Amino acid sequence: MESQNKRILTLDIIKGISVIGMIIIHTLLVYANVKSQYETAVGSFIVFLGRGTSIFLICMGITFMTSSHQSLKSALKRGVLLVFGGLLMNFMKFMIPVIFNFAPDNFIQKYGWHAPIEQQYVYLVQLGDILQLAGMSLLFAGFIRAYVKNKYIILALGLFVALISREVSGLTLDYPVINYILDLLFNTDYPAYVYFPVFPWMAFIIIGMFFGKWFQELNYDIKQIFRKMLYVGLLFIAIGAPLVFLYGDYNYNGFYHMGPGGVIYFAGWTLLFLWLINTMTTKVKENRFIRVLKYCSKNLTSMYMIQWILISWGKGIFGYRQHEIGYVSVLILFYIMLTFSVQTLVDMIRKKKTLIDFNSLSSDKTALK
């Protein structure tokens, strides 16, 4: 089976849409006032879209299992790079506006601080976001991929992460560096510190790995794997719904720190959504829009960092959570264009560097002759 057949167009489309979606969501969250976010149809719909994190994570798990880079070393290396990438992104998001004095006062007041806030530098840089979640998760997922060959054991591990998440939440020790790692794994202090703790959110990635392994066993039969997603998704919804709606204090307790029932319930709806999108896109032919989405999928990590940095810097220009939905709609279009422009510039720099390295290597080979 050729490697290109291992790629699933539906996943590329969804990841591509998620890039554009996160620009829309983050622009709204940063610039729209509370009324525009929760009391308008457009704002409420965009906030609802922000609950789609599980879709991205399950897609990540599937592609992690079918990636051409299968070594444990590559997984650990990427995991570490993503964690440090998240720290670098936080530095650029928060510290640059503070250092150059264009952070809006009401953003600082959100944390109950008063300018100057130099003593809070470390706190802002350490904020836990989805890059830290992905990076920390890969440190576990790499070992699972390398040593667990039975797909049902992979699924059991994902469900186990969900099952114990409520029991281990909030675990801390009185050692700064170790405590930060524990916060990324188990923190419950939303929204101030860690948005996506590894427990329970890693469960979605491992569930995706289960389907990635199943996809391999089905000889990369796309139609069959999405049919399996439909059946498992319906089962998960049937199991998760009563847990969430009857025992919600333990099994849900908010989107960012859900318990086992919430993970199963959201995973079920995510799998159902993936099946639906695949059904809708089965006969879609390559066109300009699809190529744009595939470009976004390919550059997902860098575009995630770029849009967050740009949107965060803009607080000093456009203000923080002050605007009506019409004004924010214009900003959304602006940031979509700006993100693509900066990503294009990054691509040009990469290509130029690659060309220089290639020319240098060719010169060295010529000199050795």
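So, here's what we can say about the structure. Worth saying up front: this structure is predicted, and the values here are computed from it rather than measured.

**Regarding a nonpolar patch on the surface**
Consideration 1: Where nonpolar side chains cluster on the molecular surface, the patch consists of F45, F48 and L49 and spans about 330 Å² of accessible area.
Consideration 2: Inspection of the secondary structure assignment puts F48 in helix 3 (residues 41-49).
Consideration 3: The exposure class of F48 is exposed, given its relative accessible area of 57%.

**What about the environment of L274?**
Consideration 1: Turning to its location among the elements, L274 is positioned in helix 14 (residues 260-281).
Consideration 2: The class of L274 is buried, set by a relative accessible area of 0%.
Consideration 3: Separated by 216 residues in sequence, L274 and I58 have C-alpha atoms that sit 9.6 Å apart.
Consideration 4: If we skip the residues at most four places from it in the chain, L274 touches T10, L11, I14, I55, I58, C59, F226 and M229.

**Considerations on unusual backbone geometry**
Consideration 1: Residue P200 follows F199 across a cis peptide bond; omega there is 25 degrees.
Consideration 2: With respect to the helices and strands, the residue P200 is situated in helix 11 (residues 198-217).
Consideration 3: Backbone geometry at N253 places phi at a positive 55 degrees, although glycine is not the residue there.
Consideration 4: Checked against the element boundaries, N253 lands in the loop between helix 13 (248-251) and helix 14.

**Observations concerning the packing of helix 11 against helix 14**
Consideration 1: One way to put it is that helix 11 packs onto helix 14 with a least axis distance of 10 Å and a crossing angle of 40 degrees. Relative to helix 14, the element helix 11 is oriented oblique. Between helix 11 and helix 14 lies a crossing of right-handed hand. In this structure, helix 11 uses P200, A203, F204, I207 and F211 to contact helix 14, whose residues at the interface are V263, F266, A267 and L271.

**What to know about the packing of aromatic side chains**
Consideration 1: Applying the stated rule across the entire model yields 24 aromatic pairs.
Consideration 2: Each ring, one from F318 and one from Y335, has its centre 6.4 Å from the other, and the planes form 80 degrees; the classification is edge-to-face. Of this pair, F318 sits in helix 17 (residues 315-318) while Y335 sits in helix 18 (residues 325-368), and the two are 17 residues apart along the sequence.
Consideration 3: The exposure class assigned to F318 is partly exposed, which follows from its relative accessible area of 21%.
Consideration 4: For Y335, a relative accessible area of 2% translates into the label buried.
Consideration 5: The rings of Y195, F196, W201, F204, F245, Y252, F255, Y256, Y265, F266 and W269 are connected pair by pair, giving a single aromatic cluster.

Rules behind the numbers
- Residues numbered from 1 in each chain as written.
- Predicted model: local features only at pLDDT ≥ 70, side-chain atom pairs only at ≥ 80, totals over all residues.
- Heavy atoms only, no water.
- Patch = residues over 30% accessible without salt bridge, like charges linked within 9 Å, V, L, I, M, F, W, Y side chains within 5 Å.
- Areas by Shrake-Rupley, 256 points an atom, 1.4 Å probe, with all protein chains shown as cover.
- Salt bridge = Lys/Arg side-chain N within 4 Å of Asp/Glu carboxyl O.
- Helix = DSSP H or I, 4+ residues; strand = E, 2+ residues; numbered from the N terminus.
- Buried < 20%, exposed > 50% of the residue type's maximum accessible area, 1.4 Å probe, protein only.
- Contact = heavy atoms within 4.5 Å.
- Axes fitted to C-alpha atoms, helices over the stretch in contact; angles between N-to-C directions.
- Parallel < 35°, antiparallel > 145°, perpendicular 65-115°, else oblique.
- Left-handed = near helix turned anticlockwise from the far one by under 90°.
- Phe/Tyr/Trp six-rings, centres within 6.5 Å; stacked < 30°, edge-to-face > 60°.

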